[in-house]
Amino acid sequence: MMDLELAEVRESIAIVLEEQCTSLAIHAYVDGHNRLNAELQGQAAELGWLAIALPEEQGGIGLGAAGMAILHLELGRVCAPGAFLATSVALEILARSPVADDEGVAKLIADVIGGTATLAVEARVGASLAGGSTWLLGEASAAAALIAGEGEDLVLVGIADDAIEQVSIWDETRSMISTDLSAAAPIITLVGMRPLFEGLFALALAADSAGAARGVLDRTVAYMKEREQFGRAIAAFQALKHRAADHAVHAIICEHLVWQAVENLEGNGPESRLWPLMAKANVTEKASKISTDCVQLHGGVGYTREYDPHLFLKRIRLNEAMLAANTALRDRADVALAEAMRNGADVLEVA
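Throughout what follows, the structure given in this document is the object of discussion. (Residues numbered from 1 in each chain as written. Predicted model: local features only at pLDDT ≥ 70, side-chain atom pairs only at ≥ 80, totals over all residues. Heavy atoms only, no water.)

### Some details on unusual backbone geometry
And then number 1: If you check the backbone angles, C79 has positive phi at about 60° while not being a glycine.
And then number 2: Of note, C79 is situated in the loop between helix 4 (64–77) and helix 5 (84–96). (Helix = DSSP H or I, 4+ residues; strand = E, 2+ residues; numbered from the N terminus.)

### Some remarks on the sheet that holds strand 3 (residues 144–148)
And then number 1: Reading across the sheet, the seven strands line up as 5-6-2-1-3-4-7 and stay open at both edges, with mixed pairing between neighbours. Strands with a single pairing partner mark the edges of an open sheet, and in this sheet they are strand 5 (164–167) and strand 7 (185–190). Across the sheet, the mean angle separating the axes of adjacent strands is 30° when strand polarity is ignored.
And then number 2: Bridging between strand 2 (residues 133–137) and strand 6 (residues 176–180) involves five bridges; their strand directions are antiparallel. Within strand 6, the residue paired with S133 across the bridge is D180.
And then number 3: Docked against the sheet, helix 7 (residues 194–226) engages strand 1 (119–122), strand 3 and strand 4 (154–158), running at close to 105° with respect to strand 1. (Pairing = 2+ DSSP bridges. Axes fitted to C-alpha atoms, helices over the stretch in contact; angles between N-to-C directions. Contact = heavy atoms within 4.5 Å.)

### What about empty space enclosed by the protein?
And then number 1: Inspection of the entire model under this criterion finds five cavities of 30 Å³ or more.
And then number 2: Roughly 80 Å³ of volume is contained in the largest cavity.
And then number 3: Along its surface, the largest cavity is lined by N37, A38, Q41, L50, G82, A83, F84, T87, A117, T118 and E139.
And then number 4: For the lining of the largest cavity, the secondary structure elements donating two or more residues are helix 3 (36–47) and helix 5.
And then number 5: The leading source of residues in the lining of the largest cavity is helix 3, at three residues.
And then number 6: Tallied by class, the residues present in the lining of the largest cavity amount to five nonpolar, five polar and one charged. (1 Å grid on protein atoms, 1.4 Å probe; cavity = no way out; pocket = protein on both sides within 12 Å on 5 of 7 lines; lining within 4 Å. Points joined across faces, edges and corners; volume = space filled by probe spheres on them. Nonpolar A, V, L, I, M, F, W, Y, C, P; charged D, E, K, R; others polar.)

### Structural notes on a negative patch on the surface
And then number 1: A surface patch of like charges, here negative, comprises D3, E5, E8, E11, E56 and E57.
And then number 2: Take D3: it is sitting in the segment before helix 1 (4–20). (Patch = residues over 30% accessible without salt bridge, like charges linked within 9 Å, V, L, I, M, F, W, Y side chains within 5 Å. Areas by Shrake-Rupley, 256 points an atom, 1.4 Å probe, with all protein chains shown as cover. Salt bridge = Lys/Arg side-chain N within 4 Å of Asp/Glu carboxyl O. Lys, Arg positive; Asp, Glu negative; His and termini not counted. Charge placed at Lys NZ, Arg CZ, Asp CG, Glu CD.)

### Things to note about the packing of helix 7 against helix 9 (residues 271–297)
Between two packed helices, the angle of one axis relative to the other and the distance separating the axes together describe the packing.
And then number 1: Two numbers describe how helix 7 lies on helix 9: the axes approach to 8 Å, and their chain directions differ by 20°. What the angle tells us is that helix 7 and helix 9 run roughly parallel. Classified by chirality, the crossing of helix 9 by helix 7 is left-handed. Contact residues: G199, A202, L205, A206, S209, A210, A213, V216, L217, T220, Y223 and M224 in helix 7; P276, L277, A279, K280, V283, T284, A287, I290, S291, C294 and L297 in helix 9. (Parallel < 35°, antiparallel > 145°, perpendicular 65-115°, else oblique. Left-handed = near helix turned anticlockwise from the far one by under 90°.)

### Considering the side chain of T173
And then number 1: With respect to the helices, strands and loops of the structure, T173 is situated in the loop between strand 5 and strand 6.
And then number 2: A polar atom in the side chain of T173 sits 2.6 Å from the side chain of D171.
And then number 3: One polar contact links T173 to R315, side chain to side chain, over a distance of 3.0 Å.
And then number 4: With sequence-adjacent residues up to four places away left out, T173 is seen in contact with Y29, V30, C79, P81, G82 and R315. (Polar contact = N/O pair within 3.5 Å; in protein donor to acceptor, adjacent residues only side chain to side chain.)

### Some thoughts on the pairing of strand 3
And then number 1: Burial of strand 3 is extensive: five of the five residues sit out of reach of the surface.
And then number 2: Covered by surrounding structure in strand 3 are A144, L146 and A148 together with A145 and I147, the residues of both alternating faces.
And then number 3: Relative to strand 3, strand 1 runs parallel, the two sharing three bridges. Following the sheet pairing, L119 is matched in strand 3 by A144.
And then number 4: Inspection of the sheet shows strand 3 paired to strand 4 by four bridges, in the antiparallel sense. When the bridges of strand 4 are listed, A148 appears paired with L154. (Buried < 20%, exposed > 50% of the residue type's maximum accessible area, 1.4 Å probe, protein only.)

Here it is as structure tokens:
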């Protein structure tokens, strides 16, 4: 799964995030009492997280899709706020595109790596709302956004400040904006980049959800060890232990699906489309079930704003809603599987 270098990088990310994204810090952020998102963006730039997937010649660390996976696993595990998901996916696409050397694109890449700019992406790819407006995952201050173009193309567009409307969403750790794309200025077209964009977007959503499932479960188990009823910690009750154990197994499976997607994403065959889409669909749904039950395992306080479970549940449910409906992703994965079979692969090779 992970080699030693990846494990060490992941541990270093985890140490920083555990220090910065404590429960108190996250709750203070969603209540408007700190600017944790901006602080994390600056720290991420200093530590090279924003360029973790990019090759070294472009100023990155060179860890590819595996680097993106470990970053979002850890960001999700602590429910870190900010525009990391949209920015990292869009940055990777720009760096891999044929126009990466374009002067304007190269400057934008450098600004993002340096932490002075963020990017946005189309939240539901190719889905316009009434009146032509589109929801973008990202902050209102984003320097540019990636949206679906014709066929398999993407378009990098500038966002007009007077055409932006902040959208109120249930996940208070992230930002969504609405804009009328007819007022957006196209910067450049990325020919044939949409399939890779959707694969990377799916991978990031799956990794964030798998990390969030592990994070909320860890906090729930810790709470169960402290909370007493009838003179015993509720973690000692067999029925509750079995539920937590089942969730632990499913959390491991979720992360395994993320790594399955990583291993296939870099290829050119149907598997490169199949596994990221399946990972997003399956991980977000299983993580949603884990986080929902963690609310219940907290008892009555699990439904209060002061405790953590709702933060993770809302984040995972937003992940579940983005990119495309999970039913549609499974349909597309089925088409990719059929194509692999026609090309002579057998089920074991694809799996």
